[in-house]
Amino acid sequence: MNQLSRIIVVALLLITIFFTGSYIYLTHKVDTLKNEKYLDTSGDMRDELQSLIKEKSEAILLVTLGLSANQNIKNVIKKKHYKNIGFNDLSITLQHYSSLQNVWFQLITPEGKSFYRSWTDKKGDNVSSVRQDIKQIILEPKVMSTISIGKYDMTFKAMVPIFDNGKFIGIIETLAKFYSITQKLKNHGNELLIVVDKSYKKQLSEAYSQTFVDDYYIANPFENEKLLHIVQKSTIEKYLKITTYMVDTENSLLLTTLQLPDMNGNPMGYFIIAKDLKKIDLSEIEQAKNGVLEVTLLILLLIIILFYYIYSANYKRLIQEQNEILESSVQEKTEELELQTNVLTFIAYHDHLTGLANKVLLLDRIEEAIKHAKTTEEQFSVFFLDLDKFKEVNDTYGHEIGDELLLQIKSRLKQCIKSDDTLARLGGDEFAILHKNATKISTINLIDNILIRMKKPFHVKNIEIFTSFSIGVALYPQDSAKANQLLRNAETAMYKAKDDGKNTYQFYDKKMTEMALQKIQLDADIRKALKNKEFVAYFQPKIDARNGKVVGFETLIRWMHPQKGMMVPDEFIPFCEETGLVLEIDKYMLIQSIKQIMKWQKEGLEFGKVSVNVSTKKIESSNYIEELTYIIDSLQFDTSVLELEILEGQIMKNPQKSIEILNKLRDLGISISIDDFGTGYSSLSYLKKLPVTKIKIDRSFVIDLPTSKDDVAIVRTIINLAENLKLEIIAEGVEKREQLDFLVNEGCYNIQGYYFSRPLPADECKEFIIAHSKGK
Ligand SMILES: Nc1nc2c(ncn2[C@@H]2O[C@@H]3COP(=O)(O)O[C@H]4[C@@H](O)[C@H](n5cnc6c(=O)[nH]c(N)nc65)O[C@@H]4COP(=O)(O)O[C@H]3[C@H]2O)c(=O)[nH]1
């Protein structure tokens, strides 16, 4: 996680914590404030009730005191003319001019007998026997104000002793109900339920409202039915126990209870006061809540600003860091790229093995030299060097040795050139030199120097290797004023040097280009000839001189050139060997020959073996055996009549490999004949190992027979050799009778030559076979 992400996470975390904290605090604060508000309100409700009770008590007391001093009342008591008291009028007056309603009066004798009740006619009973307070005032006639419970209800009471001239003549008692208080509270939005403790149930024998809940008497059920109903749904004691307040969210009420103890401090009455929660002013709390919210938002804003500041500071720093990283990585990449470009440039302009300039760089340098020479009129020469027999080195010792040899050659060449000359490797075994500021003499000196240094053997991993260069040279400006052309001309000259027998040099001559062009033309013509089937197989019979019978044929190629007429192999086969076209030609000739043989076989002709020429290039080609097998199989040819003629010189170039391939040919049932025997310097040890069946004495040894003593000796030796190695022998190029006689005399009976027949086209050959089927 990066710095920025960390900051964002911390900010979010802090904001979450802050919000949670704020929420908890706010909820708590609101709850506390509400509780305080409810506590205050409930206190106010109780206080109001208490002051109303006090107010009412005092009012009743005042009324009672006033009445006690009234002479009229005193007279009535003395005379017992109660009807004249006019309490009813008094009650109406009080109802009318004060809040006192439902006020009743009672007159009691100093002995404790009730002798007048304003609410009933019942009189004469002794109230002091049932009421402790009456007893007490009789004993000690003093004003007494109280709330007490009688058999009808719980009422306010005020008792005042009446004296007449200092004589205690009776007691006046005023009673009042709580209705006016209930009404007043209602006016202030409070409900009141007046409850009398259950211990008074018995006493309330004639209870006014006749309403009891759980044995508790409800004094004012009719005015507060809703509250009564709520209380009835639950247990009443739950409400009576409220010391401070209770919130009834279901009914949206704030409830509080005021307890009224009796004279002994025991519970007597209860005032359950209820207020609609909606009528409680919570605007302060709302204000406080809004205040907290405002502070919270302010703090949040500050946190956001703070984090934004930190974030942007970090962001800038991060961007800066990223930029620095980017810059350094760009720099690194640029350097890497430069290095790679340098490496690529080096690779593009240099040879990977030797590290020398390659063809591209050489041509660049030649271009430069041309530019330079144009102003200075200097001359220079371009060398094209091709190693002789490098392929043999690779084939014999492997590429590793070949590569090492090339490196050693590079070192020797470097020793020959000047510091401002350029040595290049063009690929394979080809090198080139740009010899600057050159004269013909300095060029020849350089050539000599190279050829001399190359004469010394190279030592690669204990192998002694001799090699040489064929060198072609082109001079600037006479041979060309273009870099490419100069190099090409040097190459053409090099080919001429190769043709001249290698290990030599040639200066470029315009004729060479003409010859090269001719070769290109020849190449194209041969390819076309193959396509157009211009090559034809001729057959030269081989005769057993003892009986004149045909013992076989040699297939010889002829090119029926559309313009030049019939061309013999010497005119194109060496060129085909050079270019590799011989591979196609040999395949073509083999198929033509086999088809002809099979045709003759079908016609019932007898002709012995048919030999077909094949170049070693063909034999050594990678898929030769597969190709041969395919041809034989697809034509269903009996190989026992097939003989392949391979030049001795070519076999001896790589005898080991030749043995390998010739064995495979023999396994296919094909006979092998060594052509031009005596010219290829066969090693006798190899000759023994080669799976050949026949050797053919070369025409060059036959021409001067029997006059040339050398040829006589050579031919004799070859014949003896064949006898000793149990090989068949045949002589070619026999034109004259004396040549024939000599050969037959020496034991060579199989003869091929103009003496018997020239190479013949197929149909003529057929006639020849038929003509010579019976021999002489
Ligand atoms: N002066 C003279 N010449 C005689 C006499 N008897 C035979 N010859 C010639 O001697 C050559 C014998 O063939 P080669 O030594 O295999 O030598 C062949 C063979 O090496 C090669 N060649 C011919 N056909 C093919 C072919 O299809 N493939 C390959 N790779 N080489 C072929 O070309 C060479 C030359 O072939 P050709 O010109 O047909 O020449 C033939 C033949 O015409 C004679 O009494 N006097």
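Residues numbered from 1 in each chain as written. Predicted model: local features only at pLDDT ≥ 70, side-chain atom pairs only at ≥ 80, totals over all residues. Heavy atoms only, no water.

As recorded in an unreviewed UniProt entry, the protein goes by the name Diguanylate cyclase/phosphodiesterase, listed as coming from Sulfurimonas autotrophica. Database annotation for the protein, UniProt heading Catalytic activity (unreviewed entry): "3',3'-c-di-GMP + H2O = 5'-phosphoguanylyl(3'->5')guanosine + H(+)". (UniProt positions renumbered as here; feature names shortened; annotations may be inferred.)

Draft legend 1. Just the UniProt feature "transmembrane region" (unreviewed entry) in the protein, in detail. UniProt annotation of "transmembrane region" (unreviewed entry) refers to residues 6–26 and 292–311 when read in the numbering used here. With 100% helix and 0% strand, residues 292–311 has its two end C-alpha atoms placed 27 Å apart. (Helix = DSSP H or I, 4+ residues; strand = E, 2+ residues; numbered from the N terminus.)

Draft legend 2. Here's a closer look at the sheet that holds strand 7 (residues 212–213). The strand order across the open sheet built from six strands is 7-8-6-11-10-9, with neighbouring strands paired in antiparallel fashion. Looking at strand neighbours, the two that pair on one side only are strand 7 and strand 9 (246–248), the edges of this open sheet. As defined by bridge partners, strand 6 (residues 190–196) adjoins strand 11 (residues 267–276) across seven bridges and the pair is classed as antiparallel. Its bridge partner lying in strand 11, Leu193 is registered against Ile272. Sheet strands in contact with helix 6 (residues 225–233) are strand 6, strand 7, strand 8 (216–218), strand 9, strand 10 (253–261) and strand 11, and its direction is about 55 degrees off that of strand 6. (Pairing = 2+ DSSP bridges. Contact = heavy atoms within 4.5 Å. Axes fitted to C-alpha atoms, helices over the stretch in contact; angles between N-to-C directions.)

Draft legend 3. The sheet that holds strand 2 (residues 114–117), seen in detail. Taken in spatial order, the five strands of this open sheet run 2-1-5-4-3, and their pairing is antiparallel. One side of each edge strand has no neighbouring strand; the edge strands of this open sheet are strand 2 and strand 3 (144–149). Pairwise comparison of adjacent strand axes, ignoring direction, gives a mean angle of 25 degrees for this sheet. Relative to strand 2, strand 1 (residues 103–108) is paired through three bridges, and the arrangement is antiparallel. Paired with Gln106 across the two strands is Arg117, which belongs to strand 2. On top of the sheet, helix 2 (residues 71–79) reaches strand 1, strand 2, strand 4 (154–164) and strand 5 (167–176); it is set at about 80 degrees to strand 4, its chief contact. In the packing of helix 3 (residues 87–97) onto the sheet, the strands contacted are strand 1, strand 2 and strand 5, and the crossing angle to strand 1 comes to about 145 degrees.

Draft legend 4. Fine view of the site of the ligand. The local shell around the ligand holds 22 residues, among which Glu554, Arg558, Asp675, Glu735 and Tyr754 are the closest. Contact between the ligand and Asp586: a nitrogen atom at 3.1 Å from a side-chain N or O atom of the residue. Side-chain polar atom of Asn613 to an oxygen atom of the ligand: 3.0 Å apart, as the coordinates give it. Alone, the ligand offers 790 Å² of accessible surface; in the complex the protein occludes 88% of this. If one sorts the elements of the shell around the ligand by residue count, strand 20 (residues 549–561) sits on top with four residues. Here the shell around the ligand is built from residues that sort into seven nonpolar, five polar and ten charged. (Near = heavy atom within 4 Å. Polar contact = N/O pair within 3.5 Å; in protein donor to acceptor, adjacent residues only side chain to side chain. Areas by Shrake-Rupley, 256 points an atom, 1.4 Å probe, with all protein chains shown as cover. Nonpolar A, V, L, I, M, F, W, Y, C, P; charged D, E, K, R; others polar.)

Draft legend 5. Representation of the pattern of salt bridges in the model. Throughout the structure, instances matching the rule amount to 37 salt bridges. Across the pair Glu173 and Arg131 runs a salt bridge whose closest N-O atoms are separated by 2.3 Å. With Glu173 in strand 5 and Arg131 in the loop between strand 2 and helix 4 (132–139), this pair connects stretches of sequence that are 42 residues apart. Between Asp386 and Lys498 there is a salt bridge whose closest N-O contact spans 2.4 Å. With Asp386 in strand 12 (residues 380–388) and Lys498 in helix 13 (residues 483–499), this pair connects stretches of sequence that are 112 residues apart. By the burial criterion, Asp386 is buried, and Lys498 matches it. Put simply, Lys542, Glu554, Glu643, Glu645, Lys694, Lys696, Glu728 and Glu732 are held in one network by salt bridges that share partners. (Salt bridge = Lys/Arg side-chain N within 4 Å of Asp/Glu carboxyl O. Buried < 20%, exposed > 50% of the residue type's maximum accessible area, 1.4 Å probe, protein only.)

Draft legend 6. Structural detail: empty space enclosed by the protein. Using the criterion set out here, one finds three cavities of 30 Å³ or more in the structure. A volume near 70 Å³ is recorded for the largest cavity. Around the largest cavity, the lining residues are Asp586, Lys587, Leu590, Val612, Asn613, Val614, Lys618, Tyr624, Glu627, Leu628, Ile631 and Leu644. Of all the elements, helix 18 (residues 624–635) adds the most residues to the lining of the largest cavity, at four residues. Of the residues contributing to the lining of the largest cavity, the split by class is seven nonpolar, one polar and four charged. (1 Å grid on protein atoms, 1.4 Å probe; cavity = no way out; pocket = protein on both sides within 12 Å on 5 of 7 lines; lining within 4 Å. Points joined across faces, edges and corners; volume = space filled by probe spheres on them.)

Draft legend 7. Examining the pairing of strand 3 more closely. Counting buried residues in strand 3 gives five out of six residues, a clear majority hidden from the surface. Relative to strand 4, strand 3 is paired through six bridges, and the arrangement is antiparallel. Paired with Ile149 across the bridge in strand 4 is Met154. The antiparallel pairing of strand 3 with strand 4 creates a hairpin that spans four residues between the two strands.

Draft legend 8. Region of the structure containing the pairing of strand 17 (residues 468–476). Counting buried positions along strand 17 yields nine of nine residues, so the element is predominantly enclosed. Judged by which residues are buried, strand 17 turns out to be covered on both faces: Ser468, Ser470, Gly472, Ala474 and Tyr476 on one side and Phe469, Ile471, Val473 and Leu475 on the other are all buried. Where strand 12 lies against strand 17, nine bridges are found, and the strand directions are antiparallel. Note that in strand 17 the partner of Val382 across the bridge is Ala474. Relative to strand 18 (residues 505–507), strand 17 runs parallel, the two being bridged by three bridges. Its bridge partner being in strand 18, Val473 is matched across the sheet by Phe507. Once you follow strand 17 into helix 13 and on to strand 18, the crossover reads as left-handed. (Right-handed = clockwise from strand over helix to strand, strands pointing away.)

Draft legend 9. Representation of the packing of aromatic side chains. Under the defined criterion, the tally for this structure stands at 19 aromatic pairs. Seen from their ring centres, Phe212 and Tyr217 are 5.3 Å apart, and the 50 degrees between their planes marks the pair as tilted. Its guanidinium or amino end placed over the ring of Tyr754, Arg758 lies 4.0 Å from that ring's centre, counting from NZ or CZ. (Phe/Tyr/Trp six-rings, centres within 6.5 Å; stacked < 30°, edge-to-face > 60°. Lys NZ or Arg CZ within 6 Å of the ring centre and 35° of its normal.)

Draft legend 10. Up close: a nonpolar patch on the surface. Together, Val10, Leu13, Leu14 and Ile17 make up a nonpolar patch on the protein surface, roughly 360 Å² of accessible area in all. With respect to the helices and strands, Leu13 occurs in helix 1 (residues 3–68). Its relative accessible area of 52% is what places Leu13 among the exposed residues. (Patch = residues over 30% accessible without salt bridge, like charges linked within 9 Å, V, L, I, M, F, W, Y side chains within 5 Å.)

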